[in-house]
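# Observations on chain architecture
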Amino acid sequence: MSEQQPKIYLLPNLMTAGNLFCGFTATLKILEGALLQSSNPDAAGNLFHSAVWFILGACFFDLLDGRLARLGGHDSVFGREFDSLADIVSFGVAPALMVYRIVLQEFPRACWIIAFIYLACGALRLARFNSAAANHNGNGPNDQRNFTGFPIPAAAGLIASITLFLLWLAEGEHRLGNWRFVLPPLLLFLSFMMFSRFQYPSFKALNWKTKKSIPRFLVIILIIVFTWLFYEWMPAVLFLSYLLYGFLRPWLSREWRREIEEEIGEEPAAETAEHTP
């Protein structure tokens, strides 16, 4: 019996391909930097800096692919699996390898263990997410408005943005300085957070049709402008804020959560059903 051909929607999967390209290129930059670390630290630092931007670029493509799929009602099993395969490269292998080369290679006994723990937890996190999504398609329970555990794209974005901030602090130097030693504990902490029970808003209901008041619109514009002007540290602030929000969320009132999460919880059930095949 021949296999049924999966439906491949162009725009969402092009964004996922962009995610995969960024992750692959970031990995190449890290490997090139590793070859130059001892002979030319400045060139190696520039390559690591480029790798950080490619990881953040992968975060941007990952944000777009799901939005385009749900906006056009083109969410599919193929797209979800392709996205997970791209994620394990861009948000699993690339950040783990980057921290390994910048810091952990100085500790030969434990260097690969910490990096592998993060990679393994990221892969298991994606497998758990896909299993929950499959159960949802089979009429099992699954709340698409929330993520259980810290999402791996946000974890990689936090690692990359913190590294970007450290590179900015160490501008003109060959090394990141002693602050680089915050990266291994951060890697282990994020490994735990990906499998924690903390709830994070998925923002899946936020799309091009989302209506906002003028003050909220201005706040969003200001955040974008500040991120553009202070790109050295604003991405770290945004990803850290999202991480900390998971700890604070249970203590916030429903009204406050609705304000912060852009009223995602009030998306009508009928509208949600339209975007779910």
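Before going into details, it helps to say that this report is about the structure given with it. (Residues numbered from 1 in each chain as written. Predicted model: local features only at pLDDT ≥ 70, side-chain atom pairs only at ≥ 80, totals over all residues. Heavy atoms only, no water.)

## A word on the overall build of the protein chain
As a reminder, the rule being used: Only runs of H or I of at least four residues qualify as helices and only runs of E of at least two qualify as strands under DSSP, and these elements are numbered from the N terminus. Residue contacts follow a heavy-atom distance rule, with two residues in contact if any of their heavy atoms lie within 4.5 Å. The Shrake-Rupley method, run with a 1.4 Å probe sphere, supplies the accessible areas, and residue values consider only the shown protein chains as cover.
Per the secondary structure count, the protein chain includes 10 helices and two strands. In sequence order, the protein chain lays out its α and β elements as α-α-α-α-β-α-α-β-α-α-α-α. Restricting the contact set of the protein chain to residue pairs at least 6 apart, pairs at least 24 apart contribute 82%. On the protein chain, roughly 15,700 Å² of surface is accessible, and the fraction owed to carbon and sulfur atoms is 68%.

## Some details on the side chain of Asp 87
Here is the rule: Each residue is assigned to one of three classes by its accessible area relative to the maximum for its type, calculated with a 1.4 Å probe on protein chains only: buried under 20%, partly exposed between the two thresholds, exposed over 50%. Neither His nor the chain ends is counted toward charge; the positive residues are Lys and Arg and the negative residues Asp and Glu. Salt-bridge detection follows one rule: a side-chain nitrogen of Lys or Arg within 4 Å of a carboxyl oxygen of Asp or Glu. Here a polar contact is taken to be a pair of N or O atoms separated by no more than 3.5 Å, where protein atoms must pair a possible hydrogen donor with a possible acceptor and residues adjacent in sequence count only if both atoms sit in side chains.
Relative to the elements of secondary structure, Asp 87 occurs in helix α3 (residues 77–102). Nearest to the buried, unbridged Asp 87 among oppositely charged side chains is Arg 125, at 8.8 Å. A distance of 2.9 Å separates the side chain of Asp 87 from the side chain of Asn 19, its partner in a polar contact. When sequence neighbours within four positions are dropped, the list of residues in contact with Asp 87 reads Asn 19, Asp 62, Gly 92, Leu 126 and Pro 153.

## Topic: the packing of aromatic side chains
Any aromatic ring pair is given by two values, namely how distant the centres are and how the planes are angled relative to each other. Using the following cut-off: Only centres within 6.5 Å qualify two rings of Phe, Tyr or Trp (six-membered ring in Trp) as a pair; their planes then separate them into stacked at under 30 degrees, edge-to-face at over 60, and tilted for everything else. Charge over a ring is defined by NZ of Lys or CZ of Arg lying within 6 Å of the ring centre and within 35 degrees of the ring normal.
For the coordinates displayed, the defined rule picks out 12 aromatic pairs. With 5.7 Å between their ring centres and 35 degrees between their planes, Phe 226 and Phe 230 make a pair best called tilted. Here Phe 226 falls in the partly exposed class, since its relative accessible area comes to 40%. Joined through ring pairs, the aromatic side chains of Phe 150, Tyr 200 and Tyr 242 make up one cluster. Over the aromatic face of Phe 195 sits the side chain of Arg 128, whose NZ or CZ is 5.0 Å from the ring centroid.

## What about the nonpolar core?
Let me state the cut-off plainly: Throughout, nonpolar core names a set of buried Ala, Val, Leu, Ile, Met, Phe, Trp, Tyr and Cys residues whose side chains join them through atoms within 4.5 Å.
Counting residues in hydrophobic clusters, the biggest one holds 51 residues, and the most contacted among them are Tyr 118, Phe 150, Ile 159 and Leu 190. Of all the elements in the fold, those that place two or more residues in this core are α1 (10–36), α2 (41–71), α3, α4 (111–137), α5 (152–169), α6 (183–194) and α8 (234–248). The dominant element in this core, judged by the number of residues it contributes, is α5, at 11 residues. Beyond its immediate sequence surroundings of up to four residues, Leu 190 is in contact with Phe 150, Ala 155, Leu 158, Ile 159 and Leu 243.

## Re the side chain of Thr 16
When you line up the elements, Thr 16 lands in helix α1. With relative accessibility at 2%, the residue Thr 16 sits in the buried group. When neighbours within four sequence positions are excluded, Thr 16 is seen to be in contact with Asp 65, Phe 82, Asp 83 and Ala 86.

## Points about the packing of α1 against α3
Under the convention used in this document: Note on geometry: axes are lines fitted to C-alpha atoms, helical ones only across the stretch in contact, with angles between N-to-C directions running from 0 to 180 degrees. Angle categories are assigned with fixed cut-offs, so that under 35 degrees is roughly parallel, over 145 is roughly antiparallel, 65 to 115 is roughly perpendicular, and the rest are oblique. Take the far helix as the reference: if the near one is turned anticlockwise from it by less than a right angle, the crossing is left-handed, and if turned clockwise, right-handed. Asp, Glu, Lys and Arg are counted as charged, while Ala, Val, Leu, Ile, Met, Phe, Trp, Tyr, Cys and Pro are counted as nonpolar; the rest, among them Gly, fall into the polar class.
Closest axis-to-axis distance for the α1/α3 pair is 9 Å, and the angle between their directions is 20 degrees. Classified by the angle between their axes, α1 and α3 sit roughly parallel to one another. In this structure, α1 meets α3 at a crossing whose hand is left-handed. A breakdown of the residues in the contact of α1 with α3 according to their chemical character gives 16 nonpolar, seven polar and three charged.

## Here's the deal with a nonpolar patch on the surface
Which entries qualify depends on this criterion: Exposure above 30% relative accessible area and the absence of a salt bridge qualify a residue for a patch, where like charges join within 9 Å and nonpolar side chains (Val, Leu, Ile, Met, Phe, Trp, Tyr) within 5 Å.
Together, Phe 217, Leu 218, Ile 220, Ile 221, Leu 222, Ile 224, Val 225, Phe 226, Trp 228, Leu 229 and Phe 230 make up an exposed nonpolar region whose accessible area comes to about 1,100 Å². When you line up the elements, Phe 217 lands in helix α7 (residues 214–229).

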